[in-house]
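# Notes for the structure review
Residues per chain, in single letters:
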Amino acid sequence: MKQAWQNIRALWRNETLFRIAASYLGLLLLLILLLPWIPLPYGPNDLDLEHIYQPPFSLTYATKSHPMGTDRLGRDVLANVLYGARTAFFISIPVMALAALLGLTLGAGAGFFGDKGFSTSRRNLLLCLLSLLCLGYYWLYLPVQIASLNLGTPMALKSIMAGAVVVVLLFCFSSLLQKFIAPLRQRVAVPVDQLVMRLTEAVSTIPRFVLILVLASFLPPSVLLLSLIISLTAWTGIARLARAEMMRIKQLPYFEAARSIGLNSRELLWRQAFPNLLGPVLVAFTFSLGGLLALESTLSFLNIGVPPTLVSWGRTIASVRSNTAAWWLVVFPGALLTLTILALYTCSHYLSKVFSSKNRG
Amino acid sequence: MGGYLLRRFLLAIPALWALATVVFLLSRLLPGTYGSERILQSGTGYYSKGSETDRQAAYLSYVKRTGQDMPLFYLSAGPATHSPAETAVSYTKQTQEQLTKLSWRYGAQNAKAYIQSVAALKKQWQDSYHNAVPGNAVAVHLQTLQAADNTEPLVDAAEEIRAAAGHPRLRRAADNVLVRLQAMQPQGSLAFLLPAISWHGSQNQYHQWLVQLLHGNLGNSYKSSRPVLEVLVEAVGNTWWLLICSMVITFFLALELSVLMAQKKENRLRKVLLPLLFMLDSIPPFVLALLLLVLLANPNFIQLFPVFGMGYYMPQELGLWQELMQWAYFMALPLLSLVLFNLPYLTSQIHSAISAAMQSDFTRTARAKGLAESAVIRKHALRNSLLPIITIVSDFIPALVTGTLIVETVFAVPGVGRLLLDAVLSRDYPMLTGIVLIIAAFRIAAYLLADMAYAWADPRIRQRMT
């Protein structure tokens, strides 16, 4: 960790472009965090219907504070661009964090255990499967049905309680059962690697964008659900990376030394492997964050999966379609979006240089 | 070679089937269909002019026509109190909902008997008071009887009706309702937690859909009622040429640029071009397309190209050449944005593949025996970097699909991308399933082609395949 931090500081000292990109990102993040306390003449959703499609820098309204013009409904472009940045980051960062966590767990697990490294008793396997089935029914299927039928929260709570009770009962029953039936105590290897790789392939059979569109069409428009969908489709890249890195780390002498002094799997994973995994994952994180920013604004541009009240760069850009002369609606949010993505890509580019050279040396 | 490809092809079929099944089941499992949104909404739309009963009838016939009244899958799991077989009768949507709710709470048979008794009561009331004013107290209570899902308000309403009933036959009907309500009481409130699995046989939506699919019928669009396949074929025709042309142009440009950059004397060009491409890569496709639109198809700036669409309608028959010219004129901007969008990634990948080949020993040998630089690059480096290039191009398909989708939306090209977007926005699930299948099949075909290209490019692979 210390080494990584020193590397990044060296990068900051030596590379002007990295410094520019990183400070731009830092300033933007600061601006986003402080935005609610910055006095703007208009809120992002305030309609000024008397001044629609107001061009920017126009003298008559320069004093009336639409410095970047207005859109189809007279919404102030400046406020929308700033708050759009807020939305974009507030959606993308948690989504990416969740996806990275998911990908890191699955990928590192797959790389570490391989197909034979993880074994458990048959009873545990059976218990897991049955519990998943029960929880799927009582915690997901029934509550969703109850919600869609408007049967009220008490019923949903009862169902969730029932799920917990059934799982506890299953646990007790299987503990009892394994005392009498010997085959249940036998240990079997779980092919973690195979499972994770097949899952990754399944998720990436159809292009990710199409997958998100299709999934979003099944659900009502909501930011939370959309974020969940994106996280659940975005982890594959990081999982592949983490798996490859993990397999490489497993061959390194220090890791074999750690293994030979008898550390258990948990310590090996947490203390020995993860610190070395973090560098490449950080590179992928910054890079994918840029992609996510683009994805978020594309989705809100297409008006898919997001409520129309969500302030976003995509929404502002979308209103150019009814008046192609309003160039400022594309140029300002588009420029900010492009700059941000460019900064993220630049950072990721330099970070990858650091981490790959460190790995080689 | 042929056997290998056949095996790959046969392996692709289960994958396609699984994908289609998942999309089908997911789309039908979740609530909110196209029909209920369009037909039953009382606000706006074509159906809003009709009365409530007309709308209900339209919805019922629509549900029946599209087969949505059948159970979803061979098996279904649900609360034991609510058995779908018992409640699968065509009622109006409101009654159906009440029946489902009541059967969840009090058991399917009780609920069904109750619904029937209320229907009888309503009929009695209409028969005996056929000239009654609608604002009548009994009418209000009847409304309650037809909507509430808890016994207490229902019993209250039924008793009110019984007290207000003048006609003995009406009173008898109300008594009947009360008896049914009494029967509903003893069921425990936890009974719905007990799951039951019911078997539906082949009379389910999935089976019907799969059989139709095997006959090459993807069903009818919910939105336009036209066969999905027919609509898809039209759209694919438009997308196909856009895709192929943009891909050929992009690939050619990327290859030429990479070859140019590989030459030693073009160092300066490389220093300018690579950052430029890096920047171009950061522009999201929809922003790029819109920028081109604003810049090049706008009377305020430069009006070079038409804004939207595929062409004008011409009364006289156009010659092949003229038609081609018109297509090119209208497709110029979409093509340009697709090329600009795809170029950075392809160029940088091909460039790094060629530079890797330029470092290798065989290139040094080629140089040493005195070949010209361009011959070294084209004859030796390029040929040897063909394998990674094929991988890059076949991995490139998802980005290509995404780009095409966005470009088609921005420039209103009636292709698959637009179709997908429309289907998503209007929840037209048969169409959605069809499009997903087409895209997945396209991807599988691309991988097969890549395999064939590997065999063509590398004799070693060809030998291993046979």
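Model, not experiment: these values are computed from the prediction.

## Some words on the overall build of chain A
A tally of regular secondary structure across chain A gives 13 helices and two strands. Its C-alpha atoms give chain A principal-axis dimensions of roughly 85 × 60 × 35 Å. Here the contacts in chain A between residues at least 6 apart in sequence split such that 75% fall between residues at least 24 apart.

## Re the overall build of chain B
Within chain B one finds 21 helices and two strands. Within chain B, the fraction of its 466 residues that count as buried is 31%. Considering only contacts in chain B between residues 6 or more positions apart, those separated by 24 or more positions represent 70%.

## Some words on the interface of chain A and chain B
Counting residues at the interface gives 37 residues for chain A and 45 residues for chain B. For the side of chain A that touches chain B, the element with the highest residue contribution is helix 8 (residues 208–218) of chain A, accounting for eight residues. The class makeup of the residues in the side of chain A that touches chain B is 26 nonpolar, nine polar and two charged.

## Comments concerning helix 13 (residues 285–296) of chain B
Residues separated by three or four positions in an α-helix point in the same direction, a consequence of the helix having 3.6 residues per turn. When the terminal C-alpha atoms of helix 13 of chain B are compared, their 16 Å separation across twelve residues agrees well with the 16 Å that a helix rising 1.5 Å per residue should span. Among all positions in helix 13 of chain B, only Pro285(B), Phe286(B), Val287(B), Leu288(B), Ala289(B), Leu290(B), Leu291(B), Leu292(B), Leu293(B) and Val294(B) are buried.

## Here's the deal with the UniProt feature "transmembrane region" (unreviewed entry) in chain B
Mapped onto the present numbering, the UniProt feature "transmembrane region" (unreviewed entry) falls on residues 240–260, 272–297, 327–346, 386–411 and 431–457 of chain B. As a span, residues 327–346 of chain B carries 100% helix and 0% strand, and end to end its C-alpha atoms are 26 Å apart.

## Remarks on helix 19 (residues 416–426) of chain B
Judged by how many residues are buried, helix 19 of chain B sits mostly within the fold: eight of eleven residues are covered. Within the sequence span of helix 19 of chain B, burial applies to Val416(B), Gly417(B), Arg418(B), Leu419(B), Leu420(B), Leu421(B), Ala423(B) and Val424(B). Summarising the contacts, the buried residues of helix 19 of chain B are in contact with helix 8 and helix 11 (265–302) of chain A together with helix 11 (228–262), helix 18 (397–411) and helix 20 (429–457) of chain B. Positive backbone phi, at 55 degrees, marks Arg427(B), one or two positions downstream of helix 19 of chain B.

## Thoughts on the UniProt feature "transmembrane region" (unreviewed entry) in chain A
Residue and element names in this part refer to chain A. In the numbering used here, UniProt assigns the feature "transmembrane region" (unreviewed entry) to residues 21–40, 88–113, 125–144, 156–177, 281–306 and 326–351. Helix makes up 100% of residues 125–144 and strand 0%, whereas the separation of the span's terminal C-alpha atoms amounts to 27 Å. Between the C-alpha atoms that bound residues 156–177 the distance is 31 Å, and the span itself is 100% helix and 0% strand.

## Digging into unusual backbone geometry
With phi around 65 degrees, Asn303(A) is a residue other than glycine that occupies positive phi space. By the element assignment, Asn303(A) lies in the loop between helix 11 and helix 12 (313–318). Residue class for Asn303(A) comes out partly exposed when judged on the 16 C-beta atoms lying within 10 Å of it. One non-glycine residue, Ala412(B), adopts positive backbone phi at about 55 degrees. Among the secondary structure elements, Ala412(B) is positioned in the loop between helix 18 and helix 19.

## Regarding the UniProt feature "domain: ABC transmembrane type-1" (unreviewed entry) in chain A
Summarizing the sequence annotation, UniProt attributes the feature "domain: ABC transmembrane type-1" (unreviewed entry) to residues 156–348 of chain A in the numbering used throughout. In the segment residues 156–348 of chain A, helix accounts for 78% and strand for 2%; the C-alpha atoms at its two ends are 45 Å apart.

## Regarding the confidence of the model for chain B
Per-residue pLDDT for chain B averages 80, and the proportion of residues at 70 or more is 87%. Here the complex is predicted with pTM 0.83, and the ipTM for its interfaces comes to 0.85.

## Some remarks on the environment of His349(A)
By secondary structure assignment, the location of His349(A) is in helix 13 (residues 328–360). Sequence-wise, His349(A) and Ser174(A) are 175 residues apart; in three dimensions their C-alpha atoms are separated by 52 Å.

## Remarks on the packing of helix 11 of chain B against helix 12 (residues 267–282) of chain B
Residues and elements named next belong to chain B. At their nearest, the axes of helix 11 and helix 12 sit 8 Å apart, and the two run at 135 degrees to each other. Put simply, helix 11 runs oblique to helix 12. Facing helix 11, whose interface residues are Leu257, Leu260 and Met261, helix 12 presents Leu269, Arg270 and Leu273. Broken down by class, the residue content of the contact of helix 11 with helix 12 amounts to five nonpolar, no polar and one charged.

## Focus on the nonpolar core
Nonpolar side chains in soluble globular proteins tend to end up buried together. Of all hydrophobic cores here, the largest spans 149 residues; its most connected members are Val210(A), Val330(A), Ala289(B), Leu290(B), Leu420(B), Ile435(B) and Val436(B). The element best represented in this core is helix 4 (residues 77–113) of chain A, accounting for 19 residues. In this structure, Val210(A) is in contact with Val401(B), Leu420(B), Val436(B) and Ile439(B), ignoring residues within four places of it in sequence. Counting 23 residues, the second largest nonpolar core, distinct from the first, contains Tyr106(B), Ile115(B), Val138(B) and Ala158(B).

## Some points on the packing of helix 13 of chain B against helix 14 (residues 320–358) of chain B
Residue and element names in this part refer to chain B. The geometry of helix 13 relative to helix 14 is characterised by a closest axis approach of 10 Å and an angle of 140 degrees between their N-to-C directions. The pairing of helix 13 with helix 14 is recorded here as oblique in orientation. In the crossing of helix 13 with helix 14, the sense of the turn from one axis to the other is right-handed. The segment helix 13 lies against helix 14, with Pro285, Leu288, Ala289, Leu292, Leu293 and Leu296 engaging Leu333, Leu336, Ser337, Leu340 and Phe341. Residues of the contact of helix 13 with helix 14, tallied by class, amount to ten nonpolar, one polar and no charged.

Parameters at a glance
Residues numbered from 1 in each chain as written. Chains lettered and ligands numbered in written order. Predicted model: local features only at pLDDT ≥ 70, side-chain atom pairs only at ≥ 80, totals over all residues. Helix = DSSP H or I, 4+ residues; strand = E, 2+ residues; numbered from the N terminus. Contact = placed C-beta atoms within 7 Å. Buried ≥ 20, exposed ≤ 12 C-beta atoms within 10 Å, placed from the backbone. Nonpolar A, V, L, I, M, F, W, Y, C, P; charged D, E, K, R; others polar. Expected span 1.5 Å × (residues − 1). UniProt positions renumbered as here; feature names shortened; annotations may be inferred. pLDDT = per-residue confidence, 0-100. Axes fitted to C-alpha atoms, helices over the stretch in contact; angles between N-to-C directions. Parallel < 35°, antiparallel > 145°, perpendicular 65-115°, else oblique. Core = buried A, V, L, I, M, F, W, Y, C linked by C-beta atoms within 7 Å. Left-handed = near helix turned anticlockwise from the far one by under 90°.

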